[in-house]
Amino acid sequence: MKGSYKTAGLMLVSALTIIIMVVPLFRQMMTVEPIKKGPGVTAIKRLSDYFAGLKGTAGDTGVYLLDSGKPGGTVLVLGGTHSNEPSGYLSAILLIERAKPSAGRMIVIPFANASAITHTDYAEGSPQKITLSTPTGPRTFRYGSRATNPIDQWPDPDIYVHAGSGQKLSGSETRNLNRAYPGRADGNLTEKIAYGIVQLIKQEKINMSIDLHEAAPEYPVINAIVAHPRAMDIAAETTMRLQLDGIKFGLEPSPAKLRGLSHREWGDATDTLAILMESANPAQGRLRGVTNEQLVLEGKDPLYEQAAKLGRLFVPFNKTGHPISERVARHVTAIHELIKVYSEKHINAKIAIENIPSYQEFLTKGIGFFL
Ligand SMILES: [Zn+2]
C-alpha cells in the first residue's frame, strides 16, 4: 500500500513537471509576430467591426486600411486563410509594412483565420515557427495549421455539409475557412469568420478581392490565378503580362460546382471581383522528405527534384526549388499587376499602389530585406 502511494506521488510529480515544462511552449504558439504599421496604413480595425458576432472570439483578427485619401477603388488582400501557407501571410504583412497607395484604397487581412495560426498540425510534422533575417534582426513567424484550432472549434462532424449548397465533404473540412464561404452569422466559428469577411467586402464596397494561398507541387492548380467568371478578363490579361515578363502563371476558372471557396462565393455573394492565387510550397506536399523550417523557407527537396524528372509535378522543380522569396515575389508582383489591369479597365475607380519591391528585388535581396 505504501509503495503504491509512492508510485502515485512520483507519477503526479512527473506529470506536473512535464506540464510546467510544456505550458510556456504551448502558450508561445498563441503569440504571433507583431506587424509594423507601414507608411500607408491609415487605420487598423478588427473583423468584429464588420460582424460583431466575432468580438471576443479566437476568430477576430486585424484589418489594416491603407487609404490614399484620393478617390478610387478598393482592393482587399487576404493572407493566412490557411496558416501553413506562409507566402500568403508574409506577402500580406509586407504590403502592410511597405505599400503606399496613391489612388484608392487597399485593405489587408494578414491572418484571415486567426485561430489556425495558433495551431500546429503535428500529424504533418510541421515546424512551429519560421525565422527570417531582416535588417532589424531576426523576425519569427508562426507556421500554423490549415484549419481552425480544435481548441476553438470541436468536435468535427463525420460529414461537413456546406450550409449554402448542401455539398458534402469530410468532417475536418468544417474547420477549413476556404470551404465555409459565404459563411453564417449563427454558424460555427469558421463559418462566422467567413461571414465576417463577406460583410467586410460588402460594407467597404471592395472592388477586387485577392485570397493568397500555397499548395503542394503535385497539386494541379499551382503557380496559378483562379478567377470568378466576372474577374476572368482581368486575371487573363494579368497572366499574359506576367508571362511576357518571364513569370509563368496558370489561369484557372473558378469551378461553378465547387462550393464554399473564396473565388466562387465572394463573387456570387457580393459585387467584388474574386481572385485566388497559389504558389508552390513543397512543405505541404505528400512526396516531401524531411519537413522542417529549412524546407519551408528554402523550398528545396531532392525527392521533388526526382518527381519533376519523372513528370509527376505541375511546376518545374530543380535544385533551386521554390524558396519563400520567390513565392512571395510571385504573389506580390501578381497583386501589383492585377491592380494595374483593374485600374486600366475602371478609370473611375482607379487604384494605384507605390513602394512595392519588384520581382527581381525579391529574388536578389530576399523577402527578409523588406520586413
Ligand atoms: Zn490554401
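Everything below is about the structure printed above this text.
Residues numbered from 1 in each chain as written. Predicted model: local features only at pLDDT ≥ 70, side-chain atom pairs only at ≥ 80, totals over all residues. Heavy atoms only, no water.

## Quick look at the overall build of the protein
Summing up its helical and strand segments, the protein has nine helices and 14 strands in all. Over its C-alpha trace the protein gives a radius of gyration of 21 Å, about what one expects of a compact globule, namely 21 Å for 371 residues. Taken along the three principal axes of its C-alpha coordinates, the protein extends 85 × 50 × 45 Å. Counting across all 371 residues of the protein, residues that qualify as buried make up 55%. (Helix = DSSP H or I, 4+ residues; strand = E, 2+ residues; numbered from the N terminus. Rg over C-alpha atoms; globule rule 2.2 N^0.38 Å. Buried < 20%, exposed > 50% of the residue type's maximum accessible area, 1.4 Å probe, protein only.)

## Concerning the packing of aromatic side chains
Ring pairs (aromatic) are described by centroid distance and by the angle formed between their planes. A full pass over the atoms with the stated rule returns six aromatic pairs. When the centroid spacing of 4.8 Å and the interplanar angle of 75° are considered together, the rings of phenylalanine 51 and tyrosine 195 count as edge-to-face. Note that phenylalanine 51 is positioned in the loop between strand 1 (43–46) and strand 2 (62–67) and tyrosine 195 in helix 3 (residues 189–203), a separation of 144 residues in sequence. Overall, phenylalanine 51 belongs to the buried group, its relative accessible area being 12%. Given a relative accessible area of 23%, tyrosine 195 falls into the partly exposed group. Ring centres of tyrosine 181 and tryptophan 266 lie 5.5 Å apart, and the angle between their planes is 75°; this geometry places the pair in the edge-to-face category. Here tryptophan 266 lies in helix 5 (residues 262–269) and tyrosine 181 lies in the loop between strand 9 (168–170) and helix 3, a separation of 85 residues in the sequence. On the basis of relative accessibility, which here comes to 0%, the residue tyrosine 181 falls in the buried class. We classify tryptophan 266 as buried; its relative accessible area is 0%. (Phe/Tyr/Trp six-rings, centres within 6.5 Å; stacked < 30°, edge-to-face > 60°.)

## Re the nonpolar core
In terms of nonpolar packing, the biggest core is built from 59 residues, with Leu90, Met106, Met208, Ile210, Ile275, Met277 and Ile335 touching the most fellow members. Examining the composition of this core, we find that ten residues originate from one element, helix 8 (residues 324–345), more than from any other. The contacts of methionine 277, once residues within four sequence positions are left out, are Ile210, Asp211, Leu212, His213, Ala224, Ile225, Phe249, His331, Ala334, Ile335 and Leu338. If you look at the next biggest cluster of nonpolar residues, it comprises 25 residues, including Leu47, Tyr50, Phe51 and Trp266. (Core = buried A, V, L, I, M, F, W, Y, C linked by side-chain atoms within 4.5 Å. Contact = heavy atoms within 4.5 Å.)

## Considerations on the coordination of the zinc ion
Donor atoms from the polypeptide that bind the zinc ion are His82 (ND1), Glu85 (OE), Glu85 (OE) and His213 (ND1), placed at 2.1 to 2.4 Å. Around the zinc ion, the four donor atoms sit at angles spanning 58 to 153°, and that spread fits a shape best called irregular. In the primary structure, the donors to the zinc ion are separated according to the pattern H-x2-E-x127-H. Overall, histidine 82 belongs to the buried group, its relative accessible area being 3%. Residue class for glutamate 85 comes out buried when judged on its relative accessible area of 1%. (Donors = N, O, S within 2.8 Å, 3.2 Å for Na, K, Ca; no water. Tetrahedral: all angles 85-135°; square planar, octahedral: opposite > 155°, others 65-115°.)

## Thoughts on the environment of glutamate 237
The topology assignment puts glutamate 237 in helix 4 (residues 232–244). Accessibility expressed as a relative area gives 27% for glutamate 237, which makes it partly exposed. Separated by 105 residues in the primary sequence, glutamate 237 and tyrosine 342 have C-alpha atoms spaced 9.7 Å apart. Leave out the neighbours within four places in its chain, and glutamate 237 touches Val341 and Lys345.

## Re helix 4
Helix length check: helix 4, at 13 residues, gives a terminal C-alpha distance of 18 Å against a target of 18 Å (1.5 Å per residue), a fit within 8%. All of the buried residues along helix 4 are Ile234, Ala235, Thr238, Thr239 and Leu242. Taken around the axis of helix 4, the buried residues stretch over an arc of 130°, which confines them to a single face. More than 90 degrees from the buried face of helix 4, the exposed residues found are Met240 and Leu244. Considering only its buried residues, helix 4 is in contact with strand 10 (208–215), strand 11 (224–227), strand 12 (250–253), strand 13 (273–280) and helix 8. Phi turns positive, to about 85°, at glycine 246, one or two residues after helix 4. (Expected span 1.5 Å × (residues − 1). Arc of directions from axis to C-beta.)

Scope: geometric values only; no functional claims are made or implied.
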